Each structure stands twice: as C-alpha cells, then as structure tokens.
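Letter by letter, the chains look like this.
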Amino acid sequence: MHVTHLSLADFRSYVRAEVALAPGVTAFVGPNGQGKTNLVEAVGYLATLGSHRVSSDTPLVRMGAERAVVRAAVVQGDRQQLIELELNPGKSNRARINRSSQVRPRDVLGILRSVLFAPEDLALVKGDPGERRRFLDELITARAPRMAGVRSDYDRVLKQRNTLLKTAALARRHGSRSGGGDAALSTLDVWDQHLARAGAELLAQRLDLISVLQPLADKAYEQLAPGGGPVLLEYRGSAGEGLAGAGSREELYELLMAALTEARKQEIERGVTLVGPHRDDLVLKLGRLPAKGYASHGESWSYALALRLASYDLLRTEAGEPVLVLDDVFAELDERRRERLAELVAPGEQVLVTAAVEDDVPQVLAGTRYAVSEGEVRPV
Ligand SMILES: Nc1ncnc2c1ncn2[C@@H]1O[C@H](COP(=O)(O)OP(=O)(O)O)[C@@H](O)[C@H]1O
Ligand SMILES: [Mg+2]
C-alpha cells in the first residue's frame, strides 16, 4: 500500500500542510527542529492511533489550537480510501472514512499499515518492559485490527479491578470489615473473569506473534550483522511457568484465573493487579544472554532494527506491503549497518525517510526529495 496524499491541520508545528506522495522513496530533508518527524509522526498516528514519541495526544495539537486534523489518501491495490482523524485532547477523538459520517477512531485501523523505524526504537532493547509490550500490542493490532477492542476492554477492566483492590486495601488498613471493603471483595470474582477473558485473548495473540516473529527477527539480525546472532524472543509471563505449554485460549484463561486466585491476598495487600499481560515482558536474547544489560550499543541497534524489519516482513506476507517510515535512523548507524538497512528497505512499495542532511540518506534510496524548513514542505 501507499499514501498518495497527506494533509495536516494544527498538527504539531504545522498550521497546515498538504503533501503529495508517490510510491517509491520520498526523503524529507532539513535542519533539526523544522518539522520532519512531525510529518511522519502523523503517518504513524493514522496507522496506530498513537505517536512513537509521546503517550498523550496533547503535544500533537499545535500550541494554541484546540484540535488537530490528520488525513491521508491510502491506496491498496486498486482501492483508494480517505481516512481522517480529529484529535481533541481531553475529549474523544473523531474519525471519518471516505468523508462519510463519523466512525470510531479504531475503525480506521488496518486501512493504513506502517512500520516505523526511529531513534526511540533503541528503547525496545534497553528500555522498560512497557516498551516491548507496546511493540507487541501494536503489531498484534496491525495484524488483527479487532484486537484494538480487546486491548481497550482489558485496560478498562484492569482499571476497574485496581480501583476495587484499592478500596479493599484501604478498608483492610482501617480495620473495617463492613461497607466498602466487603462489597469490593465480593465483586472481585466477576472482575477476575473479565480480566482473564480479555487477558487470555491478548496473551494468545502475543504468543502466536512471537512464534511467527522469531525466525524473521533472527533472519533480519543475520542480514544486518552476519554471524552476530542467534536472536531469541522469550515471553516472560506474570501468570507463571505454564504459559509456554498452554496452547488454547481456554488453557490461558484457566492459567490466568489460577494465578489471580494465588495472587489475591498479595493483591489486596498492595491494592494493585499483579497478574496479567500488563505485567509481562518479552525477553530479547542475543546468543545466550539477554540483550538488555549485556549487548553493546551497536548490537542493541541491530536488534531494534531486526525487530522492525521482522515486523515489516510479517505484515508484508500476511496483509500486503505496509508503508515504511525511517525517521532519522541513518545518522544513528555506522556505515555498514546503514548500507544493509537501506538495501533491505529499498524495494518497499513506499518508503518515507527523514534526515537532517542529504548525505545521511544512502545512495540506494535515491528518490523524491522534499525540503522541510520552518514548517514549509517543498519539493526539490
Ligand atoms: N504541539 C506543538 N505546537 C507547536 N510546535 C510544536 C508542537 N510540537 C512540536 N513542535 C515543534 O516542532 C519542532 C520539532 O519538529 P520535528 O518534526 O521533531 O523536527 P525535526 O525536523 O528535527 O524532525 C520543534 O521546534 C517543536 O517546538
Ligand atoms: Mg526528527
């Protein structure tokens, strides 16, 4: 697939931007702070309903403006669709498909699929488990857009359950056996089931994803850094050891229910849910060691790139070419990795690159050039 037109209004630093795009490589070049990343961030937002740089929508709306609008015309095969998102921080966002009346923002998912490489990706390897969970869950949603619903169900149930646990914890601390505490405890069983149901679905998808991603990540790492692997992706679940053996969603459900029962006392003491996909991690191993804490800077970069390349490979085979976005990554890499990465992404149907200087864009990525300066995007 590819984007033929990108349109921004009050998004980040842009009052307005209208950018015509074509298949093949397009590079946005310009000094730092001029709005290059802001452009491709909008593409990423349309694909994932989130930014790769911030977790809330507020910074995405131009300072002083009330709302932002991002719009893209997306072509897949012989089908063109226009998607539009209106960001209203503090209120609910709105969405439209083909200028029709409102749809839910999550209905837009799947129309534009993209894989975004960015300097922030290093945190996949070096950062907290939350970074890796987000990586898994975004890819799950790109493979199966209905998972957006499961993810938000899970988050909602988790929040409710935590509130109940806090109430119970508070009542216990104050020695009251009556009122709020007992009521909270009696509804907890129901919430356990809700949590385990959505949790099992999320877990099943994560485990399936990891099993198909594993060989692709290993292959990509070998292409980037021959002889440096092997790469091993290991899921570490908070629900205990049985995870690897559990095949079906029902087994995962039972496993989560059992783990919740076991953790119940401790959860009430601490007032927080200790079991579930929100507490899990993906351990990235290089050879026999975890990459986090052991891998060199260069190895960590290769690992992060390998995960993105594997994502690209997977989406391409399962659902057709996603749009590739490489935000300022070439400047971060040594010559060898830079060339290898460029060769691997060059055949992509559409590749959007940002760079501070022209020389950072490898030769094989010759293509259309835009100069980005002071919020103006001009063809060169
Ligand atoms: N919500 C916002 N409102 C106004 N300006 C913003 C907003 N968010 C970011 N900016 C500005 O955008 C610029 C950064 O743009 P960016 O695309 O990251 O630059 P680069 O070209 O280096 O990739 C900064 O100058 C920042 O102040
Ligand atoms: Mg940038």
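Rules of the game
Residues numbered from 1 in each chain as written. Chains lettered and ligands numbered in written order. Predicted model: local features only at pLDDT ≥ 70, side-chain atom pairs only at ≥ 80, totals over all residues. Heavy atoms only, no water. Helix = DSSP H or I, 4+ residues; strand = E, 2+ residues; numbered from the N terminus. Buried < 20%, exposed > 50% of the residue type's maximum accessible area, 1.4 Å probe, protein only. Lys, Arg positive; Asp, Glu negative; His and termini not counted. Salt bridge = Lys/Arg side-chain N within 4 Å of Asp/Glu carboxyl O. Polar contact = N/O pair within 3.5 Å; in protein donor to acceptor, adjacent residues only side chain to side chain. Near = heavy atom within 4 Å. Areas by Shrake-Rupley, 256 points an atom, 1.4 Å probe, with all protein chains shown as cover. Nonpolar A, V, L, I, M, F, W, Y, C, P; charged D, E, K, R; others polar. Pairing = 2+ DSSP bridges. Axes fitted to C-alpha atoms, helices over the stretch in contact; angles between N-to-C directions. Contact = heavy atoms within 4.5 Å. UniProt positions renumbered as here; feature names shortened; annotations may be inferred. Phe/Tyr/Trp six-rings, centres within 6.5 Å; stacked < 30°, edge-to-face > 60°. Domains from an automatic or database assignment. Buried area = accessible area lost by both parts, 1.4 Å probe.

1. Section: the side chain of D57
Structurally, D57 is set in the loop between α1 (36–48) and β4 (68–76). There is no salt bridge for the buried D57, and the closest opposite charge comes from R12, which lies 9.3 Å off by N-O distance. Among the polar contacts listed, one links the side chain of D57 to the side chain of Y45, at a separation of 3.0 Å.

2. What about the site of ligand 1?
Neighbouring ligand 1 are 15 residues, the closest being G33, T37, N38, R53 and P59. Between ligand 1 and the protein, one listed contact pairs a nitrogen atom with a backbone N or O atom of P59 at 2.8 Å. Relative to its unbound accessible surface of 580 Å², ligand 1 loses 69% to contact with the protein. For the shell around ligand 1, the per-class residue count stands at four nonpolar, seven polar and four charged.

3. Some remarks on the sheet that holds strand β13 (residues 350–355)
Here we have six strands laid out as an open sheet, ordered β8-β12-β13-β3-β14-β15, and mixed in their pairing. Whereas interior strands pair on both sides, the edge strands pair on one side only; in this sheet they are β8 (114–117) and β15 (376–379). Averaged over all neighbouring strand pairs, the angle between strand axes comes to 20°, with direction disregarded. As judged from the four bridges shared by strand β14 (residues 368–373) and β15, these two strands associate in the antiparallel manner. Bridging across to β15, S373 finds its partner in E376. Sitting on the sheet, helix α7 (residues 297–319) is in contact with β8 and β12 (323–327), with an inclination near 170° to β8.

4. Here we look at the sheet that holds strand β7 (residues 102–103)
The sheet built from six strands is open, its strands ordered β2-β1-β4-β5-β6-β7 with antiparallel pairing. Sheet topology places β2 (14–20) and β7 at the edges, where each strand pairs with a single neighbour. Sheet topology places strand β6 (residues 94–97) next to β7; two bridges connect them, and they run antiparallel. Among the inter-strand pairings, A95 is bridged to a residue of β7, identified as V103. Sitting on the sheet, α1 is in contact with β1 (2–11), β2, β4 and β5 (79–87), with an inclination near 110° to β1.

5. Side note on the environment of Q34
Summarising the element assignment, Q34 is placed in the loop between β3 (24–29) and α1. Note on Q34: relative accessible area 17%, which makes it buried. Along the primary structure Q34 and A17 are separated by 17 residues, whereas in three dimensions their C-alpha atoms are 13 Å apart. If we skip the residues at most four places from it in the chain, Q34 touches Y14, V372, S373, E374 and G375.

6. Considerations on the UniProt feature "binding site: ATP" (unreviewed entry) in the protein
The positions UniProt marks with the feature "binding site: ATP" (unreviewed entry) are G30, P31, N32, G33, Q34, G35, K36 and T37. For G30, the residues in contact, after removing those within four places along its chain, are K36, A355, A356 and V372. By the element assignment, K36 lies in helix α1. K36 gets classed as buried once you look at its relative accessible area, which sits at 5%. Other than its neighbours up to four places away in sequence, K36 contacts Y14, F28, V29, G30, P31, T354, A355, A356 and V372. Polar side-chain contacts of K36 include one of 2.8 Å to the backbone oxygen of G30.

7. A short note on the packing of aromatic side chains
One pass over the full model with this rule turns up two aromatic pairs. For the pair Y221 and Y303, a centre-to-centre distance of 5.9 Å together with 65° between the ring planes defines the contact as edge-to-face. Here Y221 is found in helix α5 (residues 180–224), whereas its partner Y303 is found in helix α7, with 82 residues between them in sequence. A residue is classified by how much of its surface remains accessible, and Y221, at 1% relative accessible area, is buried.

8. Some thoughts on the domain arrangement of the protein
Domain assignment breaks the protein into domain 1 (1–113 + 322–380) and domain 2 (120–320). Taken over C-alpha atoms, the centre of domain 1 sits 28 Å from the centre of domain 2. Every contact between the two is made by 21 residues of domain 1 and, on the other side, 23 residues of domain 2. Summed over both sides, the interface between domain 1 and domain 2 buries roughly 2,000 Å², with carbon and sulfur atoms accounting for 64% of that surface. Together, R113, R337 and L344 form the three largest contributors to the area buried by domain 1 at its contact with domain 2, with a combined 29%. Our enumeration of links across domain 1 and domain 2 arrives at zero salt bridges. At the junction of domain 1 with domain 2, the criterion picks out eight residue pairs in polar contact (both at pLDDT 80 or more). Looking at the side of domain 1 that touches domain 2, the element that brings in the most residues is helix α8 (residues 335–345), giving six residues. Per-class residue counts for the side of domain 1 that touches domain 2 are eight nonpolar, six polar and seven charged.

9. Comments concerning the environment of P322
Tracing the backbone shows P322 in the loop between α7 and β12. As a C-alpha pair, P322 and L344 span 22 residues in sequence and 14 Å in three-dimensional space. In this view, P322 contacts M1, R113, S114, V115, Y312, L315 and R316; residues no more than four positions away in its chain are not counted.

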